[in-house]
Each structure stands twice: as C-alpha cells, then as structure tokens.
Amino acid sequence: MVLLFIFFAFPATGYILLQHKGIQNRLTDYIMTIVSKNLKTDFIVGEVDLAFPYRLRLKNIYLEDLHHDTLLFARSLTLGVRSINPMKKVIKVNAVNLNEAYLRLTVDSTNLINIQFIIEHLKGGDGPSKQGWTTALNNIRLKKSRFRLRLYPYKETDHGINFTDIRLYNLNATLHHFHPGKDSTTFSVKSLSCIEASGFQLNDLNLDFRLSKQYLKFLNLSAKTPFSTLKGDGVQLLFDSWQDFKDGGVFENVNLVTSLKNAYLNLGDLGFFAPGLY
C-alpha cells in the first residue's frame, strides 16, 4: 500500500517513481493480490498505466465470481481516485470507466446473484471489525461493452426477449450515485444505449434503478427506441423471488406496475416483451 499512498499523497513524486517498469510490475502484482485476497476470488490485471494526477488505468482485467466463472472482463478500466486513507483503509473513487467490458451476472437456484459478494464488500461486510480495505465509488461509465443476466433454470425461447438470459451488446451508459444498501442496490442510469440479443434496440434510456430480491424498479423513466418514446414515473416488476421469472413466469408470477405519460409505444417493440403479439 506504500506505493499507492506515495502516488496519491505526493502526486508529482509518485508519478515520476511509478513510471519505472519494475515499480509498475510490483504495483500490478500488489493490486491483483490485495483485490483477490479481499474478494476471495481470482483477479488478474495485464498491465497498469498511470495518468497524472490521481488516475490508474488497468488493462485486460479479469475477475471471477465465487463459482470460478467469469464475472467481469474489460479491455481497460480507469479509476479516478478522489482520496485514499491508509489509516481507515478507505479508498474513495469518483469514477470508474470500463471500455469493451463484459459483465456476466447469474442468479442460482438459491436465488443468490453472483455479484452479491462484491455488494457486501462495498457495504462494509460484517461491520467495523471487518479487516481489509473498503471502496466507495460514485460513477461508473460503460463504453462498447456487453452485459449478460442469466437466471436459473435457463430456458430457450424462439421469439422476443429471453427473460432467463438477457444479453446486451454495444452497451454504452453512465451510472451515477451507486449505492449498495442493506436490502437493495440503487443507482441512476444516464444515456444508456444498447441492442438486446433478440434484436430489441434502445437508443437512449434514463432512469433511477432499484434492485432487491423482491423487485426491479425503473423510476423517473425516459426511453427512446427507433420506433417508440416512453416517459413517466416508471415501471416496476414485483415478485417473490427471481425464480418467478423461470418457465415464462414473468407473465404469470410477476406483477407489472406502470405509470407512463406522453408515451408512444410501437407494437413491434411491445412484441419483444410479449412474443404472443408477433
């Protein structure tokens, strides 16, 4: 941790020292070791670049979940660090920029999402007696990325969005005010655009997102596709567990609450969510 402390406490001196290839290699090894140890899983970094001041760029990063499957890969990850406190073991990150990333989330048969261990770490884990470093972050930016959410048990579908295996491509977005709480995770989504594997396309999406084991909420919604425009208080999916989405249960077991104003919905777009309309 001494190298990081020097870099952020004395940026000019730290920047000069950390241009040395040997020191960069030591820093790369240290980052991999400390993250792997704290998260209890494998974290691999191909290379570390330093941008003056207060920026770390990690290239070709790979993070596994606790089942040893891919959780995150990114061609590059840039950290804009606001402050570092070695005494309290707290790193405050203003922004995380992910370029050409692949984020893979899964929900298993016990209704546990594979990123939960990171959310618990960001929340502080087991309280003040917990050892290790705590990271607080504000903004996350995604560029030319991919996202996958797979629910157990997986089921094939012929038409429309497969709600047991959502896959987003060419994903660009900014997530603000990321807050992992005790019972839910919240953040704001700005200027999200992507294409889903079914062919459904989003040109621009803005909303406040809420996630828990019993609901998905898309509040203060503003969305545009090539054919539709939606605005309003939002859309809420209410359920007992993630298993309610399996075997087409999204149409039977999930309660849909909508509040939209000045909305124009093309039936072609609606068909991606309700394949029976095809």
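Caption draft 1: Quick look at the packing of aromatic side chains. Under the definition given, this model contains 6 aromatic pairs. Residues F187 and F209 carry aromatic rings whose centres are separated by 4.9 Å and whose planes lie at 35° to one another, so their mutual orientation is tilted. Residue F187 is found in strand β7 (residues 185-196), and its partner F209 is found in strand β8 (residues 201-211); the two are separated by 22 residues along the sequence. Note on accessibility: F187 and F209 belong to one class, buried. Members of the aromatic cluster, joined through ring pairs, are F163, F200, F272 and F273. One cation-aromatic arrangement involves R146 over Y102; the distance from NZ or CZ to the ring centre is 4.3 Å.

Caption draft 2: Summary view of the environment of K155. One can find K155 in the loop between β5 (134-151) and β6 (165-180). What makes K155 partly exposed here is its relative accessible area of 38%. Taking the C-alpha atoms as reference points, K155 and D165, 10 residues apart in sequence, are found 7.9 Å from one another.

Caption draft 3: Spatial organisation of the pattern of salt bridges. Under the counting rule described, the total for this entry stands at 4 salt bridges. In this structure, K59 and D49 form a salt bridge, with 2.9 Å as the shortest nitrogen-oxygen distance. Of this pair, K59 sits in strand β2 (residues 55-64) while D49 sits in strand β1 (residues 43-51), and the two are 10 residues apart along the sequence. R148 is paired through a salt bridge with D165; the nearest N and O atoms lie 2.8 Å apart.

Caption draft 4: Examining the pairing of β7 more closely. For β7, a buried count of 9 out of 12 residues is recorded, marking the element as mostly surrounded by other parts of the structure. Note: β6 against β7, 8 bridges, orientation antiparallel. Bridge assignment links P180 to a residue of β7, and that residue is T185. With 8 bridges connecting them, β7 and β8 associate as antiparallel partners. Residue T185 lies in a different strand from β8, and its bridge partner there is L211. Counted along the chain from β7 to the antiparallel partner β8, the turn is 4 residues long, and its residue G199 has a positive phi close to 110°.

Cut-offs used in this document
- Residues numbered from 1 in each chain as written.
- Predicted model: local features only at pLDDT ≥ 70, side-chain atom pairs only at ≥ 80, totals over all residues.
- Heavy atoms only, no water.
- Phe/Tyr/Trp six-rings, centres within 6.5 Å; stacked < 30°, edge-to-face > 60°.
- Helix = DSSP H or I, 4+ residues; strand = E, 2+ residues; numbered from the N terminus.
- Buried < 20%, exposed > 50% of the residue type's maximum accessible area, 1.4 Å probe, protein only.
- Lys NZ or Arg CZ within 6 Å of the ring centre and 35° of its normal.
- Salt bridge = Lys/Arg side-chain N within 4 Å of Asp/Glu carboxyl O.
- Pairing = 2+ DSSP bridges.

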